[in-house]
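These are the residues of each chain, in order.
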Amino acid sequence: MEKINVVFWSMTGNTAAMAVAVGDGIKEAGKEAEVVPVSSANMEELKKATVFALGCPSMGAEVLEESEMEPFVEEVTGFVAGKTVALFGSYGWGDGQWMRDWVERMTAAGATVLNGEGLICHETPGDDDTEACKNLGKQLAGLA
């Protein structure tokens, strides 16, 4: 069974909660999920994978976290062509521009972004957000 990686960075735990819910959806769909912080991600596994999920909250002026996630995403853009990627994250201000930029970046690198957009939630994920994350995981599992 192909393991589906869910790689995330989280400061307050909101994006981590989203990652766990995405992983739960993958498992509910009968696939194996590995939910890991970006610092523990296995780049070689991602290179071999056909599908995976990436999560990061909006930081600063609506950008990805700059010390760990940004360099990781930069490396991923080098091999993401032909893969399907689910993007997700939480935000506390702004209107989601960081996610639109991230989707555009992954698409420009040749990836298919699941649903054509990232899944975002404001602050702590509520029940509807958690369900949306599970559904994202189920969709991703259906492609693996």
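Relevant structure appears above.
Conventions used here
Residues numbered from 1 in each chain as written. Predicted model: local features only at pLDDT ≥ 70, side-chain atom pairs only at ≥ 80, totals over all residues. Heavy atoms only, no water. Phe/Tyr/Trp six-rings, centres within 6.5 Å; stacked < 30°, edge-to-face > 60°. Buried < 20%, exposed > 50% of the residue type's maximum accessible area, 1.4 Å probe, protein only. 1 Å grid on protein atoms, 1.4 Å probe; cavity = no way out; pocket = protein on both sides within 12 Å on 5 of 7 lines; lining within 4 Å. Points joined across faces, edges and corners; volume = space filled by probe spheres on them. Helix = DSSP H or I, 4+ residues; strand = E, 2+ residues; numbered from the N terminus. Nonpolar A, V, L, I, M, F, W, Y, C, P; charged D, E, K, R; others polar. Salt bridge = Lys/Arg side-chain N within 4 Å of Asp/Glu carboxyl O.

Let's shift gears to the packing of aromatic side chains. In the structure shown here, the tally under the stated rule is one aromatic pair. Ring geometry for Y91 against W98: centres 6.0 Å apart, planes inclined by 45°, an arrangement best described as tilted. With relative accessibility at 18%, the residue Y91 sits in the buried group. Residue W98 is classed as buried on the basis of its relative accessible area, which comes to 2%.

Taken as a whole, the largest pocket holds about 200 Å³ of empty space. Of all elements in the fold, only α1 (14-28) and β4 (84-91) reach the threshold of two or more residues within the lining of the largest pocket. Partitioning the lining of the largest pocket into residue classes produces five nonpolar, nine polar and one charged.

Turning our eyes to something else, we now look at the pattern of salt bridges. Throughout the structure, instances matching the rule amount to eight salt bridges. E45 is the partner of K3 in a salt bridge, and the nearest nitrogen-oxygen pair spans 3.3 Å. Taken together, the positions of K3 in strand β1 (residues 3-8) and E45 in helix α2 (residues 43-48) put the pair 42 residues apart, joining distant regions of the chain. According to the relative accessible area criterion, K3 is partly exposed, its value standing at 24%. E44 is the salt-bridge partner of K47, the closest N and O atoms lying 3.4 Å from each other. Residue K47 and its partner E44 are located together in helix α2, separated by three residues, close to a single helical turn. On the basis of relative accessible area, E44 is assigned to the partly exposed category, the value being 46%. Linked by salt bridges that have partners in common, K3, E34 and E45 make up one network.

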